[in-house]
Amino acid sequence: MSTSAKSYAAQSATSPLAPFALERRTPTDTDVAIEILFCGVCHSDLHTARNEWQNTVFPVVPGHEIVGRVTAVGSKVTKFRQGDLVGVGCMVDSDRTCPSCQAGLEQYCVQFPILTYNSPDKHLGGMTYGGYSDSVVVDEAFVLRVPDNLDPAAAAPLLCAGITTYSPLRHWKVSKGQKVGIVGLGGLGHMGLKFAHALGAHTVLFTTSPNKAEDAKRLGADEVIISKDAEQMQKHANSFDFILDAVAADHDLNAYLSLLKVDGTMVLVGAPEKPLPVASFSLIMGRRSLAGSLIGGIAETQEMLDFCGEHNIVSDIETIDIQNINEAYERMLKSDVKYRFVIDMASLKK
Ligand SMILES: [Zn+2]
Ligand SMILES: [Zn+2]
């Protein structure tokens, strides 16, 4: 049993996204049916639409930064009612029984979580379809509450870019009095700046572009370091408690590791195509750690949204119509966006 929904899909790695009719399941007892209002545009969407990770099953409907209104709930749903403003991020289910899921770390489910798109759909068969659509049906355990004081369009990127940067800052206990670096000012980096600043840390942006300095300060940076300037970098040697690296392009990790204090940690959330060399001495000197982090669990994602509600934090966005998604992908490749595209799903009705 299902109802049809409008969407935009890629039919192959080389075809542009175009209108596509899909089916959404009739809500089960524990499901929430959602009218999608806005969906952020993440780099993962583009990687998947173009099969750059060689795992895409076509047609694919991307989108995992979803904000919408609840239109119906199953009989056993307790957390949501019709009319609630809600969000859906990168995951729509997991096995819920493995040690990771039991610990609230569904993103590290040993069976791998069911992703919002391009994952096997256990209800309808085929693959899950994401948020470039007018509706979605999701189990309430994977639906988030979006604070009503936040702009729903600008809140959409919190569901991936937001939690991706918030989770490591919280896990490594970034707090007041610490010196924290954010590497790269894009969709992820600009959220990292806002969160590190809101957590009270002395926040430093590393960038290759001097013309980003002013914007970085507006977004919460106390200092900006031009990473290509070796002398500037050297001045900050052994001074950082924590560095969040959000760069997806090739770059020198050792240059940043040497800026960490004793026991300092650098965490990667960007994924460059090729492996990056790490000199052992970059870690040995100062007992430093290099780590990675993937989005966040459902409970932590709710904590992040509530934190954003309290501190009035949203993403800086450029709203587009769904008809402009292919052009937006091209601009995203050139980093020509401040700092996230968000699709206004009302445009699907056009
Ligand atoms: Zn994403
Ligand atoms: Zn699990």
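Residues numbered from 1 in each chain as written. Chains lettered and ligands numbered in written order. Predicted model: local features only at pLDDT ≥ 70, side-chain atom pairs only at ≥ 80, totals over all residues. Heavy atoms only, no water.

Caption draft 1: Spatial organisation of empty space enclosed by the protein. Considering all chains together, one arrives at 1 cavity of 30 Å³ or more under this definition. Taken as a whole, the largest cavity holds about 70 Å³ of empty space. Surrounding the largest cavity, Gly-89, Cys-90, Met-91, Phe-142, Leu-144, Leu-159, Ile-163, Ile-295, Gly-296, Ile-298 and Thr-301 form its lining. Here the residues of the lining of the largest cavity sort into 8 nonpolar, 3 polar and no charged. (1 Å grid on protein atoms, 1.4 Å probe; cavity = no way out; pocket = protein on both sides within 12 Å on 5 of 7 lines; lining within 4 Å. Points joined across faces, edges and corners; volume = space filled by probe spheres on them. Nonpolar A, V, L, I, M, F, W, Y, C, P; charged D, E, K, R; others polar.)

Caption draft 2: Main features of the coordination of the zinc ion (ligand 1). Each protein donor to the zinc ion (ligand 1) is listed here as Cys-42 (SG), His-64 (NE2) and Cys-160 (SG); together their distances run 2.0 to 2.2 Å. In primary sequence terms, the donor set of the zinc ion (ligand 1) follows C-x21-H-x95-C. Residue Cys-42 is found in the loop between strand E3 (31-40) and helix H1 (43-49), and its partner His-64 is found in the loop between H1 and strand E4 (66-73); the two are separated by 22 residues along the sequence. Each member of the pair Cys-42 and His-64 is classed as buried. (Donors = N, O, S within 2.8 Å, 3.2 Å for Na, K, Ca; no water. Helix = DSSP H or I, 4+ residues; strand = E, 2+ residues; numbered from the N terminus. Buried < 20%, exposed > 50% of the residue type's maximum accessible area, 1.4 Å probe, protein only.)

Caption draft 3: Layout of the packing of helix H4 (residues 161-171) against helix H10 (residues 298-311). For the pair H4 and H10, the least separation of the axes is 10 Å and the interaxial angle reads 100°. For the element pair H4 / H10, the angle class is roughly perpendicular. Contacts between H4 and H10 involve Gly-162, Ile-163, Tyr-166, Ser-167 and Arg-170 from the first element and Glu-300, Thr-301, Glu-303, Met-304 and Phe-307 from the second. Its residues assigned to classes, the contact of H4 with H10 comprises 4 nonpolar, 3 polar and 3 charged. (Axes fitted to C-alpha atoms, helices over the stretch in contact; angles between N-to-C directions. Parallel < 35°, antiparallel > 145°, perpendicular 65-115°, else oblique. Contact = heavy atoms within 4.5 Å.)

Caption draft 4: Region of the structure containing the pattern of salt bridges. Inspection of every chain in the model, using the stated rule, returns 19 salt bridges. Between Arg-218 and Asp-215 there is a salt bridge; the shortest N-O distance is 2.9 Å. Of this pair, Arg-218 and Asp-215 both sit in helix H6 (residues 213-219), separated by 3 residues, roughly a single helical turn. Overall, Asp-215 belongs to the buried group, its relative accessible area being 14%. Several salt bridges share partner residues, and in doing so they unite Lys-194, Asp-215, Arg-218, Asp-316 and Lys-338 into one network. (Salt bridge = Lys/Arg side-chain N within 4 Å of Asp/Glu carboxyl O.)

Caption draft 5: Expanded view of the coordination of the zinc ion (ligand 2). Bound to the zinc ion (ligand 2) are the protein donor atoms Asp-95 (OD), Cys-98 (SG), Cys-101 (SG) and Cys-109 (SG), situated 2.0 to 2.3 Å from the metal. The site at the zinc ion (ligand 2) holds 4 donor atoms, and with the angles between them running 99 to 118°, its shape is tetrahedral. Counting gaps between the donor residues of the zinc ion (ligand 2) yields the pattern D-x2-C-x2-C-x7-C. Taken together, the residues span a long stretch of sequence, with Cys-98 in the loop between strand E6 (91-93) and helix H2 (99-102) and Cys-109 in the loop between H2 and strand E7 (114-115) at a distance of 11 residues. Note on Cys-98: relative accessible area 6%, which makes it buried. (Tetrahedral: all angles 85-135°; square planar, octahedral: opposite > 155°, others 65-115°.)

Caption draft 6: Representation of the pairing of strand E12 (residues 223-226). By the bridge criterion, 4 bridges tie strand E11 (residues 202-207) to E12 in an arrangement that is parallel. Pairing of Leu-205 across the sheet is with Val-224, part of E12. Once you follow E11 into H6 and on to E12, the crossover reads as right-handed. (Pairing = 2+ DSSP bridges. Right-handed = clockwise from strand over helix to strand, strands pointing away.)

Caption draft 7: A look at unusual backbone geometry. Each neighbour pair has its own omega, and for Phe-58 with Pro-59 the value is -5°, a cis peptide bond. By the element assignment, Pro-59 lies in the loop between H1 and E4. Across the junction of Lys-338 and Tyr-339, the peptide omega takes the value -15°, indicating a cis bond. Examined against the element boundaries, Tyr-339 turns out to sit in the loop between helix H11 (325-333) and strand E17 (340-344).

Caption draft 8: Fine view of the sheet that holds strand E14 (residues 260-268). Read from one edge to the other, the open sheet built from 6 strands follows the order E12-E11-E10-E13-E14-E15, with strand pairing classed as parallel. Only two strands of the sheet have a single partner each, and these edge strands are E12 and strand E15 (289-292). When strand polarity is set aside, the average angle formed by the axes of neighbouring strands in this sheet is 20°. The strands touched by H4 are strand E10 (179-183), strand E13 (240-245) and E14; relative to E13, the strand with the most contacts, the crossing angle is about 160°. Most of the contacts of helix H5 (residues 187-198) go to E10, to which it runs at about 170°, and overall it touches E10, E11 and E13.

Caption draft 9: Examining the nonpolar core more closely. By size, the foremost hydrophobic cluster in this structure holds 92 residues, and its most contacted members are Tyr-132, Leu-158, Phe-195, Ile-325 and Tyr-329. Core analysis: the second largest hydrophobic core is formed by 15 residues, Val-183, Ile-225, Ile-243 and Tyr-256 among them. (Core = buried A, V, L, I, M, F, W, Y, C linked by side-chain atoms within 4.5 Å.)

Caption draft 10: Local environment of the packing of aromatic side chains. By the definition in use, this model includes 7 aromatic pairs. Aromatic pair Phe-20 and Tyr-129: ring centres 5.7 Å apart, planes at 75°, arrangement edge-to-face. Of the two residues, Phe-20 sits in strand E2 (residues 18-25) while Tyr-129 sits in the loop between E7 and strand E8 (135-139), which places them 109 residues apart along the sequence. With a relative accessible area of 18%, Phe-20 lands in the buried category. When the centroid spacing of 5.5 Å and the interplanar angle of 55° are considered together, the rings of Tyr-166 and Phe-307 count as tilted. One end of the pair, Tyr-166, is in helix H4; the other, Phe-307, is in helix H10, and 141 residues separate them in sequence. (Phe/Tyr/Trp six-rings, centres within 6.5 Å; stacked < 30°, edge-to-face > 60°.)

Caption draft 11: Highlighting a nonpolar patch on the surface. A cluster of nonpolar side chains, Leu-105, Tyr-108 and Leu-294, forms an exposed patch at the surface whose accessible area comes to about 250 Å². By relative accessible area, Leu-105 is classed as partly exposed at 35%. (Patch = residues over 30% accessible without salt bridge, like charges linked within 9 Å, V, L, I, M, F, W, Y side chains within 5 Å. Areas by Shrake-Rupley, 256 points an atom, 1.4 Å probe, with all protein chains shown as cover.)

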